[in-house]
Amino acid sequence: MNELLWKPDWSLARQAFLDWWEHRGLALYITAPRAEPVEKLPEPRKPRDVEEQWTNVELWGQSAIYNMSRTFWGGVATPTFWSCIGGPGSLGLFLGAIGHPAADTLWYEPVISDPENYPPLKLDRNNIWWHRHMDLLRYGARESRGRFLVGLPDLIENIDTLAQVREGQFLLLDLMERPDWVKAKIAEINRAFFEAYDEMLAVTRDPWGGSAFAAFSIWGPGKVAKVQCDFSCMISAEMFREFVVPQLREQCRWLDYSLHHLDGTQAMHQLEPLLEIEELDAIEWTPQAGIEGGGHPRWYDMYRRIKAAGKSVQAIGVKLEEIEPLIDAVGPEGLYIMCSADDEQKAREVLRRVGWKGEAR
């Protein structure tokens, strides 16, 4: 099998991903509502309540597949089964954080109140959320039948996960009062991440020996993941280098391809420490709400700086009219642009303008 049934130019997308990771080419991701579904599927029923919304694995899976069937996938955009129950931060649940379902998200309740006497953080395979995620991944793999990829969930890791199980305001004090404890916990989280990832990848690995990571829609051969540290907006670059970088470096070394999610101008002072991590392959930029989006000229110099350091760039939330100016200003090599159109014909026109040779269904 060379293509996906719902992505007949998948071989071109795979090559575009590889070229982007290796800083050689452009990766353009564009989606739109389809004029007609690629396959006519029955619309899933609505959940009875919030509890069922987050616990009925089959209903969640049916909804994910239904939505994929009604989406146009252009360029490197690839139908990928969404496996993030409750959104980002699944690893924290597997380590003991208590999940509280709400209408549009899952809230996490920390569990470490006495850090000195709390046991080591370990992947709990008896955890109900672990079982739900594994059941969902198996459902996606079973139902794929060559139509779509199955994405790994947005696990999250490092000090962000520690902040899930140990409330953030107390963790800030821990950095000063018990720094060795913080470093030990982050190392434990890394080990749990590796274990969880490997077991999930065993279910989701695709026929091309690759993996799709649902967050920020990345794919590559071997082990691929988005990594992050939103907590970094609250600490200095020096503390970031001391507490976060060692385990982040280990994670990027363990992965075959890694993309760091840089979230908001409050975290931009961590760009230099990130550029120093040789093992990190790419950096994604998310402007916070209320300011210019990822395709605005305000960010051109930052993108150039990232590329000059030998890393690829992902720009998200790019408007259609910003695509060509962004390519011209930054250069197509190692540039990944994520955008969407409000109808299929507009998306196809964008692909034609940038020279995409494939034919998305």
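What counts and what doesn't
Residues numbered from 1 in each chain as written. Predicted model: local features only at pLDDT ≥ 70, side-chain atom pairs only at ≥ 80, totals over all residues. Heavy atoms only, no water. Helix = DSSP H or I, 4+ residues; strand = E, 2+ residues; numbered from the N terminus. Expected span 1.5 Å × (residues − 1). Bend = angle between axes of the 7 residues up to and from the residue. Salt bridge = Lys/Arg side-chain N within 4 Å of Asp/Glu carboxyl O. Phe/Tyr/Trp six-rings, centres within 6.5 Å; stacked < 30°, edge-to-face > 60°. Buried < 20%, exposed > 50% of the residue type's maximum accessible area, 1.4 Å probe, protein only. Lys NZ or Arg CZ within 6 Å of the ring centre and 35° of its normal. Pairing = 2+ DSSP bridges. Contact = heavy atoms within 4.5 Å. Axes fitted to C-alpha atoms, helices over the stretch in contact; angles between N-to-C directions.

S.K.: How should helix α9 (residues 237-254) be read in this particular structure?
M.R.: Side chains that are three or four residues apart share a direction in an α-helix, a result of its 3.6 residues per turn. For α9, spanning 18 residues, the distance from its first C-alpha to its last is 24 Å, which sits close to the expected 26 Å at 1.5 Å a residue. At valine 244, α9 is deflected by roughly 50°, the largest bend along its length, and proline proline 246 occurs up to four residues later in sequence.

S.K.: Help me out: how do you make sense of the pattern of salt bridges in this one?
M.R.: Pairing is possible between side chains that carry opposite charge, provided their charged atoms lie close to one another. Taken as a whole and judged by the stated rule, the model has 26 salt bridges. One salt bridge in this structure joins arginine 147 and glutamate 39, with 3.2 Å as the shortest N-O distance. In this pair, arginine 147 sits in the loop between α5 (128-144) and β6 (149-152) while glutamate 39 sits in the loop between β1 (26-33) and α2 (50-55), placing the two residues 108 residues apart along the sequence. Sharing partners across several salt bridges, the network here consists of Glu116, Arg166, Asp174 and Arg178.

S.K.: Please explain the packing of aromatic side chains as it appears in this structure.
M.R.: The geometry of an aromatic ring pair is captured by the separation of the ring centres together with the interplanar angle, meaning the angle of the planes. Within this structure, the stated rule accounts for 18 aromatic pairs. Ring plane angle 75° and centroid distance 6.4 Å describe the contact between phenylalanine 193 and tryptophan 254, whose orientation is recorded as edge-to-face. Placement of phenylalanine 193 in helix α8 (residues 179-204) and of tryptophan 254 in helix α9 is noted, with a sequence separation of 61 residues between them. On the basis of relative accessibility, which here comes to 0%, the residue phenylalanine 193 falls in the buried class. Every member of this aromatic cluster is reached through a ring pair, and the members are Trp10, Phe17, Trp20, Trp21, Trp208, Trp219, Tyr257 and Tyr336. Above the face of the tryptophan 129 ring, arginine 132 is positioned so that its terminal group lies 4.5 Å from the ring centre.

S.K.: Please clarify how the sheet that holds strand β7 (residues 210-213) should be interpreted in this entry.
M.R.: Strand pairs in the sheet, formed through backbone hydrogen bonds, run parallel or antiparallel to each other. Taken in spatial order, the four strands line up as β3-β6-β7-β8 in an open sheet, and their pairing is mixed. At either end of the open sheet lies a strand with only one pairing partner, and these are β3 (80-81) and β8 (218-221). Two strands pair when backbone bridges link them, and β6 and β7 are joined in this way by two bridges, in the parallel orientation. The residue of β7 that forms the bridge with glycine 151 is alanine 212. Here helix α1 (residues 10-21) sits on the sheet in contact with β6 and β8, set at roughly 85° to β8. Packed onto the sheet, α5 meets β3 and β6 and runs at close to 165° relative to β6.

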